[in-house]
Each structure stands twice: as structure tokens, then as C-alpha cells.
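# Observations on the model geometry
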Amino acid sequence: MSAEKRIDITQPLWDQSTFVGRFRHFAFISNPLLTFVPEKQLYEAKDLYMKYKNGQEPSGTTMAQVVRAKQLYESAFHPDSGELQNVFGRMSFQMPGGCLATGAMLQWYRSATAVVFWQWVNQSFNALVNYTNRNANAPLTTTQMGVAYVSAMTAAMSTALTFKFVIQKRATNPILARFVPFVAVAAANWVNIPLMRQNEILLGLNVEDENGKVIGKSQIAPVKGISQVVTSRIVMCAPGMLLLPVIMERIEPKPWMQRIKRGHILVQTAIVGMFLTFMVPTACALFPQRCKLSIDTIKRFEKENYEEIVKNTDGKPPQYVYFNKGL
């Protein structure tokens, strides 16, 4: 492969300073079909990715093969550790996994038992996603993971049950009960993700200059990154969980829907799937993956970390530091 045709395989193929560029990138690596790629093919893609990165790819390798290897590698391997991720925790599984859990929560919301069970299923799935996409440089202990999981479960179930009973007693419009799952999921996300990534806040996150050189740590950086991730996760599920109840409330009385009552779960799951196919890359693209933080913020709130950055930059700290916000 000639030098002029080479790409930086470690960088996205599209401009990440624009929403459209970020959307195309995340649609590229979160394609649900990537979930079904055999493990053997994934390791072959990793091998080609690494060889191309080091300029050692086999003779005759085409650009299409390089791009495909890049897609498979970035969809399935952890960006920090390079380890193969659990298939159920990958972004490419967000659509199939999310549509099954969300469809079930929206279908079976009437009884307290169903609410508790499906919130447990959903939060277990979310915990796996959060663990899979954790920062490998700030590993959690088993106790910390357990606390994060139990806390998220408690937040989701208590929120869901509280809103359910309040709505049953005071609300006159029955459609409001259909929104209980969304409120519970949103509340749980603000507990689950911060706790699953607590060590990033406690220990600090490596920050870089614009050239990618690590120049210090910051504990505010992960707070900003995690806040953006939580917001993205809520936006990801919002259209399906907020619009679908309205849709179902309108079409359920229809004669054709009455004839297929047992098929309602399939209808809801299919609609949620369509929403998520579009919303997964949309939500991931809301904020740049390489997040930036003003050095003045670090100077104001993290004196020791600021002094370390000044020392590492020979007294000339950059205006902004950069870090990976995670997914």
C-alpha cells in the first residue's frame, strides 16, 4: 500500500469537531450487525489493525480491508486495554439489548412485581455495559462494583415504585403510568454510571495536551465526562420511552391490535429497535469523545494537579487539556 494512501488507523475517519462527523463514526462502530461477527474474525481484524498501525501489513492489503479491520476492532476491543469486550456490553449490542429490555419495561408496567423485575433486568444490562466500557486505567474492586450495582438497582426500583403508586393514587390520565420506566431509568443512570466510574473521580483521570501527550491528572475532568455520558444515555432511550407510550395508547384500542394482544410486546420491541438504531449513534455523538477542560478550571479547583501540570509543561500549561470521556 503506497504511503500517500495511508490513513491514521487510530483516528476516526470523519471530522470529530462536527456532530455529523461524530454521528457517522459512532454509526460505523455501533452497527448492530457487528454483534454477530465471529470471535475468530474479530481477532483477525485486530491482527491486521495492529500490523497496519506499525506499517507491517501484508503485501496487497486493500484500503477496504483496512477500514473493515478498523471497524471490527473499534467495535469489539477495549480502547485502553485492547481486550475483547463482552459482546453484551458493546455499543453494537445497545440496539438489540436495549430494545428487548425497554420493550419489556413498557409492556409490563402495570404490576409492582413486573416493574421490579424488568427494572432489575434493565439495570443488570446497564451495569454490564458500564463495566465493559469502564476506564481500564482506573479499575474497580469487587466491592465497589457490587455497591454500584446495588445502588443503581435501589434507585431504579424505588423511583419506579414511588412514581407508580403516586400516579395510581392521584393521576386521572392512565397514560402517565407508561412513563414510569423512563423516570426510573433516568434516575438510575445518575447513580449507576458515576458509581461504576467512581475511581476516575477519586484517583483522577490522565489529561493530555492537544498533541496527545499526558501532562497530568484531573478529578474534575471525569466529572465533566461522566455527566456528558449520563446525559447521552438518557437521550439515547428518551424517544423510545417517551414517544412509544403515546403511540401505544393510540393504537391499542384499534380492532387489529385487540386481535393480537399477545403480540403487543413484539410491536413495542420492534418500534423501540427502530428508535435505538438511530438514537445510539445520535446520543454518542452529542459530545466530542475527546473532551476538553479549561486549565483555568483546574487552577481554580485543583491546585495540586494544576501545579503538577505546570511542572510537566515547563511552566507553560496549555489553555485546554484533553481526555477521553468514555461511553
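The notes below deal with the structure included here. These figures come from a predicted structure and were not determined experimentally. (Residues numbered from 1 in each chain as written. Predicted model: local features only at pLDDT ≥ 70, side-chain atom pairs only at ≥ 80, totals over all residues. Heavy atoms only, no water.)

### Some words on the overall build of the protein chain
Scanning the protein chain from terminus to terminus reveals 13 helices and 4 strands. Compactness check: the protein chain gives a C-alpha radius of gyration of 22 Å against a globular reference of 20 Å for 327 residues, within 12% of the reference. Expressed as lengths along the three principal axes of its C-alpha atoms, the size of the protein chain is roughly 65 × 55 × 35 Å. In the protein chain, which comprises 327 residues, the share counted as buried stands at 48%. Carbon together with sulfur atoms contributes 60% to the accessible area of the protein chain, which is approximately 16600 Å² in total. (Helix = DSSP H or I, 4+ residues; strand = E, 2+ residues; numbered from the N terminus. Rg over C-alpha atoms; globule rule 2.2 N^0.38 Å. Buried < 20%, exposed > 50% of the residue type's maximum accessible area, 1.4 Å probe, protein only. Areas by Shrake-Rupley, 256 points an atom, 1.4 Å probe, with all protein chains shown as cover.)

### What about the pattern of salt bridges?
The final tally for this structure, using the stated rule, is 6 salt bridges. Residue Lys 40 pairs with Glu 44 through a salt bridge whose shortest N-O separation is 2.6 Å. With a gap of 4 residues between them, Lys 40 and Glu 44 both fall in helix α2 (residues 39-53), about one helical turn apart. The class for Lys 40 is exposed, based on a relative accessible area of 59%. Classification of Glu 44 by relative accessible area gives partly exposed; the value is 43%. Two residues, Lys 70 and Glu 74, come together in a salt bridge whose shortest N-O distance is 2.7 Å. Here Lys 70 and its partner Glu 74 are both found in helix α3 (residues 63-76), 4 residues apart, which amounts to about one turn of the helix. (Salt bridge = Lys/Arg side-chain N within 4 Å of Asp/Glu carboxyl O.)

### Some remarks on helix α1 (residues 19-29)
Turning to α1, its buried residues number three or more, namely Gly 21, Arg 22, His 25, Phe 26, Phe 28 and Ile 29. Summarising the axial view, the buried residues of α1 lie within an arc of 150 degrees, below the 170-degree limit, and thus occupy one face. (Arc of directions from axis to C-beta.)

### Here we look at the pairing of strand β2 (residues 214-218)
When strand β1 (residues 205-208) meets β2, the two strands line up antiparallel, connected through 4 bridges. Within the sheet, the bridge partner assigned to Glu 208 lies in β2 and is Val 214. Hairpin remark: β1 followed by β2, antiparallel, with 5 residues in the connecting loop; positive phi at Gly 212, about 90 degrees. (Pairing = 2+ DSSP bridges.)

### Some thoughts on the packing of helix α9 (residues 220-251) against helix α11 (residues 264-284)
The description of two helices packed together rests on the angle between their axes and the distance between the axes. Viewed as axis vectors pointing N to C, α9 and α11 meet at an angle of 150 degrees, and their least axial separation amounts to 9 Å. Relative to α11, the element α9 is oriented roughly antiparallel. The two elements α9 and α11 cross, and the hand of that crossing is right-handed. Counting all contacts with α9, which are made through Ser 232, Val 235, Met 236, Pro 239, Gly 240, Leu 243, Leu 244, Ile 247 and Met 248, the residues of α11 involved are His 264, Val 267, Gln 268, Ile 271, Val 272, Phe 275, Leu 276, Met 279, Val 280, Ala 283 and Cys 284. (Axes fitted to C-alpha atoms, helices over the stretch in contact; angles between N-to-C directions. Parallel < 35°, antiparallel > 145°, perpendicular 65-115°, else oblique. Left-handed = near helix turned anticlockwise from the far one by under 90°. Contact = heavy atoms within 4.5 Å.)

### Topic: unusual backbone geometry
Phi angles above zero are rare outside glycine, and Asp 314 is one such case at about 55 degrees. When you line up the elements, Asp 314 lands in the loop between α13 (303-312) and β4 (320-324).

### With respect to α13
Residues of α13 that are buried: Asn 305, Tyr 306 and Ile 309. End-on, the buried residues of α13 take up no more than an arc of 100 degrees, which puts them together on one face. Exposed residues lying more than 90 degrees from the buried face of α13 are Lys 303, Glu 304 and Lys 311. Those residues of α13 hidden inside the fold are in contact with β1, β2, α12 (295-301) and β4.

### Re the nonpolar core
Formed by 23 residues in total, the largest nonpolar core has its most connected members in Phe 26, Met 236, Leu 244, Val 272, Leu 276 and Cys 284. Elements with a minimum of two residues in this core: α1, α4 (94-107), α5 (112-132), α9 and α11. Residue contributions to this core peak at 6 residues, all from α11. Discounting chain neighbours no more than four positions away, the residues touching Phe 26 are Pro 281, Cys 284, Ala 285, Gln 289 and Leu 327. By size, the runner-up hydrophobic cluster in this structure holds 14 residues, among which are Val 37, Ala 45, Tyr 52 and Val 66. (Core = buried A, V, L, I, M, F, W, Y, C linked by side-chain atoms within 4.5 Å.)

### A short note on the packing of aromatic side chains
Counted by the stated rule, this structure contains 11 aromatic pairs. Ring geometry for Phe 117 versus Trp 118: centroids 4.9 Å apart, planes at 80 degrees, classification edge-to-face. The exposure class assigned to Phe 117 is partly exposed, which follows from its relative accessible area of 40%. Grouping aromatic residues by their ring pairs yields a cluster made of Tyr 43, Tyr 49, Tyr 73 and Phe 77. (Phe/Tyr/Trp six-rings, centres within 6.5 Å; stacked < 30°, edge-to-face > 60°.)

### Observations regarding the side chain of Ser 75
Considering the arrangement of structural elements, one finds Ser 75 in helix α3. A polar side-chain atom of Ser 75 sits 3.0 Å from the main-chain carbonyl oxygen of Leu 72. For Ser 75, the contacting residues outside a window of four places in its chain are Ile 29, Leu 34, Gln 85, Arg 90 and Ser 92. (Polar contact = N/O pair within 3.5 Å; in protein donor to acceptor, adjacent residues only side chain to side chain.)

### Side note on the state of the cysteines
Here the structure, examined in full by the defined rule, presents 0 disulfides. Cys 99 forms no disulfide, and the closest cysteine sulfur to it belongs to Cys 237, at a distance of 13 Å. With no disulfide of its own, Cys 237 has Cys 284 as its nearest cysteine by sulfur position, at a separation of 12 Å. (Disulfide = S-S within 2.5 Å.)

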